[in-house]
Amino acid sequence: MTGLSKFTLRNGINLFVHPTDKFKTILVQLVLHRHLSEADATACSLLPSVLQRGCGMYPTRRELAYKLEELYGSELMTDVVKKGERQLVSFTLDTVDDRYLPAEGNLLRKGLGIMKEVLTDPVLDGNGFKNEYVVQEKEQHERVIRGLINDKVAYSLERCLNEMCKNEPFGVFKYGSLEKLQEINPENLYGFYRRFLAESPADLYVIGGIEPNEVLSLAEETFDFPRASTAFIPDTIIRNGAGEVRYVHEELDVNQGKLVLGFRTGITYGDDDYFPLLVYNGILGGFPHSKLFQNVREKASLAYYVYSRLEKHKGLMVIAAGIEVDQYGQALEIISQQVENMAKNDFSAEEFENTVRGLRNQLLVEEDNPGLLVNRALDDTLAGRNEDTQSLLSRLAAVTREDVAKVAEKVHLDTVYFLTNKGGGQDE
Amino acid sequence: MNNTLENRLLAEKITWRRLDAGLEVFVLPKPGYNKKYATFATRFGSVDSRFVVEGEGEELEVPDGVAHFLEHKLFEEEGGSVSDRFARLGASSNAFTNFTNTAYLFSTTENFTECLEILLDFVQEPYFTEESVEKEKGIIEQEIRMYEDNPQWRVFFNLLEALYQQHPVQKDIAGTVDSIRRIDKDVLYKCYRTFYHPSNMAVFVVGDVEPERILGQVESNIGRRNYRPLGEIRRIYPSEPPTLAREYISQELVVSQPIFNMGYKDLDVGYEGERQFRRELLTELVLDAVLGSSSRLYNELYEEGLIDDEFDAGHVAEKDYGHTVIGGETRDPERLYRRLREGIERAKREGISEEMFEHHRRKITGGFLKSFNSLEFVANNFLAYHFRGINFFNYLDVLNSLTPEEANHRLRSHFGDDNCARSVILPKTGTQNSKLKTRE
C-alpha cells in the first residue's frame, strides 16, 4: 500500500506504519490470526470480551472505561472477523492526535500503556481468569450467538454461507456455538489465551501523523510480551463450483422475505483473475447502475435492496435481496437472468466503463479512511499482495471484456437460500 | 462577499456565501483527501406533514412518507435516472431523508465540477410521471417491509408513538404501505414548490477544492434560474400536550430476547439556535455522566446481565419537540426499567460533581475531534445544525461554556415520572424454532 513502512518487532510481530497528516487521530490495530475451526472459534471470540473486563492496573470494567475516557475519549475496541478460513481478533486503540490538543501530551503513549495492560495483565483467580468475569461474559456471548436472528439481513447471509460451506471450516460462525461455550471455564480459557498471545501470527497497523521510527520504538515498548514460534495456519480451502444447486427454505414469522444466492468463484484476492472478477461483480451487482439494481429494483420494483458482493479470501460471491415472500419465483428468475447475461458476456460498453470508474473511485477513497486503510493492508497481508494504490489501479485499468468473460465461466451457483414467512415454503 | 468560519483548534476553515436567491453555500477545503463530497439539502422532512402550499394559499395535509418519496423520485429524469450520469463520471450518488431534512449527495475522486453541476441541476429540475410514481411504490413498500422486521427501528418508533399524542415526529419517515399508496404526482409537485426554493436550502462541499471556484460555480448555476423571492414557509405543527400518549407500548417480533427503549419527553422546548444547542450538549453530557460506559449505573446493569455493550442513550432537540431515548437488548425489560428509574433517581440525589463534569466534557471533546476524520460526517452535521440556526464549528466553545450547575439542574428537571414512557419488543411466542426445507 502507498507509503507503508514495514518492520518486524523483536518478538516477531509484523508492524506496518502509514504516516499521514490527513487525520485527527492515530489508529493502532493489533490483529491476531487463528485458523477458523469449530474447536477454537468460541473461545477465540469470547476472549477479547473477558480481557476488556479489566487488568491489573484497572481491575474493573468501570475503572478501565474511566481511564480511557480521561485520555480525551480514547477508545480501546475489540472485534472478531472472518476472512477466508481465518478468524481475526483485533484490538484497536483510537486516540486523538496530540496536535489538536495543545494542553495535552503523549496521549498515544498513555493509550498504548493501557492497551498493553489489557493484553498482557488480565485479572486472574488462581490458574484462570477471574471467575465472575468469565461467567458474565459467557452469558453475554450466549446472547450474541442467539441474537444473530434479530437482524434478518445478517441472519440470512450467515445462514446461506453456513449451508453452503457446512463441510468446510468457512461454515463455522465467527462467534462459535452454544455447545462449545458450555465447555469453557476460567482455567481452559486462560490456557487458550496464553497460546493465543504466544503463537498466533500477529500484525500491528498504525495510521496517523507519526514517524515510523517513533512508532517502532513505541511498539517495541508496548508489545514486548514473549512469543513462541507462530502457529501454522492451513490455507483456506478454495472450491470450484459446478455441482448440483441446493435449495434451502427457512420459515420464520417475518414480514419480508430474504433471498440469498451463494456462488463459488474459486478466485481469491491474490489471484491474477481477481480484478476481472471485481469488474464482473461490479457490472452484476456492485452499484446502482448494475444489472441487479436496474432489473430487480428499477424495472420490476421487486426490492429495495439487491446487490452482489465478493468474499475475496474464500472465492465466493453472494447475491442478496429483500422481497415480498410471494415474489420468490419472479425475483429468482430475474436474478438468474442477470447472471446468465454475464455468462454470455452480454453487457454494454457503458456498463463496463461505469463499473471500472466506480471501482477506481472506491480504491482511491479507501485512502481517506484509517479503518479502510488497515483493512486493505490486512487483505494484502493475507493474500501476499504487496502493491500500492497506483499498481492496483493499473491492474483495474488493464481489465478487458474478454477477461470478464473468462472469469464469468468460473462463477457457479451453489446454494439458493430463502428466509420466508410461516407457510411460505410451499411456493416453489 | 465571502465569509469565513474558522476553528483554530480543529485547524479547519469554511468559506461561505449567501446567494441572491437565498441559497447558502459552504466550502471546507481538505487538502490531501482523494474524495470530494457535496451535499444539497432542504429543510423538509417527515415532520412537515401540514403546510400552506406555495402560490396557492391552500393548507394541505400530505400522506405520511411524502418527503422520503419525493427524495426517491427526484433522481428520475426524462429517459432515465440521474444516478446513471453520476456513474458515467465515476461518482457515487445517494440521498437521505430524516425527520427534518432531505439531502442529496455524491462523492467522487474525479470530474468533480461536472458532478456538482449535475447535483445542482437535478435537485432543481423535478420530473415525475404518473407511471414512474406508481412504479416507485413497490420499491418503497419493500423498504418499509424491511424496517418492519427491524426490531431496533420498531422499538424506537413505537416509543415515539408513546411519547407523542399529536406531533408527526412519531410517524415513520418512509410512511406506511397504505400511506404511500395515496401519494401521487400532484402532491409531490406541491411539496416540491413549497420546500425546494433556494432560500430553504443549502449546499456543502468538502474535499481538496478551491472555495472561490466552487462558490462561483454554484452562484452561476442558481443565478441563471431567475428565482423569485419566496415568502415565509408556513408549516403547521399540531400543539403537542406535555402529557404522554401512552406510558407503555409493546410488540412481538421474531427476536432472541426483548429489546427495550425508554424515553423522556422534553417538556421545556421552544428554544432555537445557540440556546437549543447548549441544551442539547448539556443533555448529552448529563446522559454520558449518568448512563455512559464509565458510569456507576451502566456498570451495575452490565454486571447484573441486564444490558450489553450496545446499550446507549441519546438526546434530540428541536424547536417544538425534544426527547431522550435510552435502551438496548435485555433479558428482563421490567427489571431493567425499574433499575434505570431507581438509578436515575439516585443520580439526581447525588448530583454530578465538578470532577465528573470535567471528565465527561473532556471525553466529549475528544469524540468531537475524532469525528472530523469523516468528510461526510462534517458536511451532513454542519448542514443539519445550520438548519437549526446553529454553527457546528462552535461545538467546543459551547461545550466549554457549560457549567456543572446547569448540568445538575437539567438532570433534576428533565428526568421526571410523568414524562417517561417505554417501549418493548418481545419475542414472538412459539416462533423461535424455524422450519427448514432443503432440496438437493
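Procedures and definitions
Residues numbered from 1 in each chain as written. Chains lettered and ligands numbered in written order. Predicted model: local features only at pLDDT ≥ 70, side-chain atom pairs only at ≥ 80, totals over all residues. Heavy atoms only, no water. Core = buried A, V, L, I, M, F, W, Y, C linked by side-chain atoms within 4.5 Å. Buried < 20%, exposed > 50% of the residue type's maximum accessible area, 1.4 Å probe, protein only. Helix = DSSP H or I, 4+ residues; strand = E, 2+ residues; numbered from the N terminus. Pairing = 2+ DSSP bridges. Axes fitted to C-alpha atoms, helices over the stretch in contact; angles between N-to-C directions. Contact = heavy atoms within 4.5 Å. Buried area = accessible area lost by both parts, 1.4 Å probe. Salt bridge = Lys/Arg side-chain N within 4 Å of Asp/Glu carboxyl O. Polar contact = N/O pair within 3.5 Å; in protein donor to acceptor, adjacent residues only side chain to side chain.

S.K.: Please provide a residue-by-residue account of the nonpolar core, values included.
M.R.: Note that soluble globular proteins tend to have their nonpolar side chains buried in a common cluster. Core analysis: the largest hydrophobic core is formed by 129 residues, its most contacted members being A:M115, A:F223, B:F204 and B:L340. Residue contributions to this core peak at 9 residues, all from helix α9 (residues 273–291) of chain B. Ranked by size, the runner-up nonpolar core spans 57 residues in total, among them B:F44, B:V62, B:V66 and B:F106.

S.K.: An account of the sheet that holds strand β16 (residues 420–427) of chain B is requested, with residue identities and associated values reported.
M.R.: All names here are of chain B. Sheet architecture is open: 5 strands sit in the order β12-β16-β13-β15-β14, paired in mixed fashion. Every other strand in the sheet has two partners, leaving β12 (248–253) and β14 (312–317) as the edge strands with one partner each. Pairs of neighbouring strands in the sheet enclose a mean axial angle of 15 degrees, with direction left out of account. Here β12 pairs with β16 via 6 bridges, running parallel.

S.K.: I'd love a proper account of unusual backbone geometry, names of residues and values included.
M.R.: Residue A:S301 is not a glycine yet carries a positive backbone phi of 50 degrees. With respect to the secondary-structure elements, A:S301 resides in the loop between α10 (291–299) and β11 (303–311). According to the relative accessible area criterion, A:S301 is buried, its value standing at 12%. Positive phi, close to 55 degrees, is recorded for B:N111, a residue that is not glycine. Secondary-structure assignment places B:N111 in the loop between β10 (102–108) and α3 (112–124). Given a relative accessible area of 29%, B:N111 falls into the partly exposed group.

S.K.: How would you explain the sheet that holds strand β11 (residues 201–207) of chain B if you had to name every residue and give the values?
M.R.: Residue and element names in this part refer to chain B. One open sheet holds the 7 strands; their spatial order is β1-β2-β3-β11-β4-β10-β9, and the pairing between them is mixed. Bordering the open sheet on either side are β1 (3–7) and β9 (92–97), each of which pairs with just one other strand. Neighbouring strand axes in the sheet, compared pairwise and without regard to direction, differ in orientation by 15 degrees on average. Inspection of the sheet shows strand β3 (residues 24–29) paired to β11 by 6 bridges, in the parallel sense. Its bridge partner being in β11, P29 is matched across the sheet by G207.

S.K.: Help me get a handle on the interface of chain B and chain A, residues and values and all.
M.R.: Taken together, the contact pairs 73 residues of chain B with 75 residues of chain A. Here chain B and chain A share an interface that buries about 6,700 Å² over both sides, 47% of which is from carbon and sulfur atoms. When the area that chain B buries against chain A is broken down by residue, the three leading residues are B:D149, B:R362 and B:K370, summing to 10%. The tally of links from chain B across to chain A stands at 9 salt bridges. The partner of B:K370 in a salt bridge is A:E75, with the nearest N and O atoms 2.9 Å apart. Counting the contacts that link chain B with chain A gives 41 residue pairs in polar contact (both at pLDDT 80 or more). Residue assignment for the side of chain B that touches chain A shows that the elements contributing at least two residues are α2 (82–88), β10, α4 (130–148), α10 (296–303), α12 (354–371) and β17 (435–439) of chain B. The pairing of strand β9 (residues 246–251) of chain A with β17(B) spans 5 bridges and is classified as antiparallel. Across the sheet, the residue bridging to A:Y247 is B:R439, located in β17(B).

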